[in-house]
Amino acid sequence: MVGDDVDRLRELGYPITAVKGPEGGYRLGAGAEPPPLLFDDDQAIALTVALQIAAGNADGGLAVPAAQALNTIRQVMPARLRNRVNALQVTAVERPAAQPAAPVGGDVLLALSTAARNREVLGFGYGTDPFDRPPRRVEPHHVVTWDRRWYLVAYDLDKQEWRTYRADRITLRTPNGPRFPPRQLPGGDVAAFVTGRFRGSTDPAGGWPCTGTVILDQDAATLAPYIGDGVLEEIGPGRCRLTLGSWSWTGLAAAIARFDTATTVISPPELTRAFARRCAGVTGPIT
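Structure report, in brief. (Residues numbered from 1 in each chain as written. Predicted model: local features only at pLDDT ≥ 70, side-chain atom pairs only at ≥ 80, totals over all residues. Heavy atoms only, no water.)

## Details of the pairing of strand β4 (residues 136–146)
Line of reasoning, step 1. Judged from the three bridges that link them, strand β3 (residues 122–126) and β4 form a sheet pairing that is antiparallel. If you follow Leu122 over to β4, its bridge partner there is Val138.
Line of reasoning, step 2. Pairing of β4 with strand β5 (residues 149–156), which is carried by eight bridges, proceeds in the antiparallel orientation. Bridge pairing links Val138 to Asp156 in β5. (Pairing = 2+ DSSP bridges. Helix = DSSP H or I, 4+ residues; strand = E, 2+ residues; numbered from the N terminus.)

## Points about the pairing of strand β9 (residues 231–236)
Line of reasoning, step 1. Pairing geometry for β9 and strand β10 (residues 239–246), over five bridges, is antiparallel. What sits directly across from Gly236, in β10, is Arg239.
Line of reasoning, step 2. Counting the residues that bridge the hairpin from β9 to β10 gives two residues, and of these Gly238 lies at a positive phi of roughly 70°.

## Describing the packing of helix α2 (residues 41–56) against helix α4 (residues 79–86)
Line of reasoning, step 1. The geometry of α2 relative to α4 is characterised by a closest axis approach of 10 Å and an angle of 40° between their N-to-C directions. In terms of axis orientation, α2 runs oblique to α4. Both α2 and α4 take part in a crossing whose hand is right-handed. Contacts from Asp41, Ala44, Ile45 and Thr48 of α2 reach α4 at Arg80, Leu81, Arg84 and Val85. (Axes fitted to C-alpha atoms, helices over the stretch in contact; angles between N-to-C directions. Parallel < 35°, antiparallel > 145°, perpendicular 65-115°, else oblique. Left-handed = near helix turned anticlockwise from the far one by under 90°. Contact = heavy atoms within 4.5 Å.)

## What to know about the packing of aromatic side chains
Line of reasoning, step 1. The tally for this structure, following the rule as stated, stands at seven aromatic pairs.
Line of reasoning, step 2. Geometrically, the ring pair formed by Phe124 and Tyr126 is edge-to-face, given 6.2 Å between the ring centres and 65° between the ring planes. Accessibility classification places Phe124 together with Tyr126 in one group, the buried group.
Line of reasoning, step 3. Ring geometry for Phe124 versus Tyr165: centroids 5.3 Å apart, planes at 80°, classification edge-to-face. In this pair, Phe124 is assigned in strand β3 and Tyr165 in strand β6 (residues 161–166), connecting sequence segments 41 residues apart.
Line of reasoning, step 4. Phe124 gets classed as buried once you look at its relative accessible area, which sits at 0%.
Line of reasoning, step 5. On the basis of relative accessible area, Tyr165 is assigned to the buried category, the value being 1%.
Line of reasoning, step 6. An aromatic cluster is present here, built from Phe124, Tyr126 and Tyr165 joined pairwise through their rings.
Line of reasoning, step 7. The lysine or arginine in question, Arg183, covers the ring of Tyr155, its NZ or CZ lying 3.8 Å from the ring centre. (Phe/Tyr/Trp six-rings, centres within 6.5 Å; stacked < 30°, edge-to-face > 60°. Buried < 20%, exposed > 50% of the residue type's maximum accessible area, 1.4 Å probe, protein only. Lys NZ or Arg CZ within 6 Å of the ring centre and 35° of its normal.)

## A word on helix α5 (residues 106–118)
Line of reasoning, step 1. Taking 1.5 Å of rise per residue, 13 residues should cover 18 Å, and α5 covers 18 Å from first to last C-alpha, within 8% of that figure.
Line of reasoning, step 2. Val108, Leu109, Leu112, Ala115, Ala116 and Asn118 are the residues of α5 that are buried.
Line of reasoning, step 3. Packed against the buried residues of α5 are β3, β4, β5 and β7 (170–173).
Line of reasoning, step 4. Count one or two residues on from α5 and you reach Arg119, which has phi positive near 55°. (Expected span 1.5 Å × (residues − 1).)

## A few points about the pattern of salt bridges
Line of reasoning, step 1. The tally for this structure, following the rule as stated, stands at seven salt bridges.
Line of reasoning, step 2. In this structure, Arg183 and Glu139 form a salt bridge, with 2.9 Å as the shortest nitrogen-oxygen distance. Of the two residues, Arg183 sits in the loop between β7 and α6 (190–198) while Glu139 sits in strand β4, which places them 44 residues apart along the sequence.
Line of reasoning, step 3. Owing to a relative accessible area of 8%, Glu139 belongs among the buried residues under this scheme.
Line of reasoning, step 4. For Asp168, the salt bridge is made with Arg166, and the minimal N-O distance between the two is 2.8 Å.
Line of reasoning, step 5. A residue is classified by how much of its surface remains accessible, and Arg166, at 15% relative accessible area, is buried. (Salt bridge = Lys/Arg side-chain N within 4 Å of Asp/Glu carboxyl O.)

## As for the sheet that holds β5
Line of reasoning, step 1. Taken together, the five strands give an open sheet; going across it, the order is β6-β5-β4-β3-β7, and neighbouring strands pair in antiparallel fashion. In this open sheet, the two strands that pair with only one neighbour each are β6 and β7. Pairwise comparison of adjacent strand axes, ignoring direction, gives a mean angle of 45° for this sheet.
Line of reasoning, step 2. The sheet contacts of α5 involve β3, β4, β5 and β7, and relative to β4 the element is tilted by about 115°.
Line of reasoning, step 3. Contacts between α6 and the sheet are confined to β4, β5 and β6, with β4 contributing the most and set at about 95° to the helix.

Structural data, given as structure tokens:
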């Protein structure tokens, strides 16, 4: 509870007492009912958007609770604010997936997150038949979402390596194991680590395994919507420099060839050789 919150609660008639010392802070006075949820307009709008997106994700496992929470919050809002958020209708459109994501229950996500927060060794069965082999033993680090699926990032104690596990394939086994000291995630950034793993990279910074640079005889503005996480630089009328990554050199050559324009490879030699192997699929000259 911070100063602004304390002032607002006191204005609403709630007795707030200040306690000094190492364990001190602000506390709700004896005999008072718990205060209502207090949101300013921006907070209410942000919460409404988040819950609408969660409620619209039928594969996420939390769609129904999110819709119920949104309805509950709307009912307790002041009329002025309720009218504003009722006018806010957001639809999240996700790119098509080859297979729908399996739903994950909120109890599983909560158990995984709690074990990571408390640094407790976690044991679980994994896969379609989780009881046909010994349980995995891991030090849980983070629960993340990627491309409509939930994952646990953890250090596998038996394999002695960092792994990612799909949460919908985890069958929890209780109780949790002993607490463990903090372990540094490679690179220190969970987003970069997860991005790198799904790119097939061992680079802690999450880079692609294969990255190359080419000159393309095309306007940068024309190509910009199609380069994904590549780096594009205008170098003259109708010419641009592109640095792009992929999971293999052949895949990178194919990704560049789809622009269907004259191409000059700058670096590295591996990309030049990949183009040579796939020259039949490239329209422009390769040098």
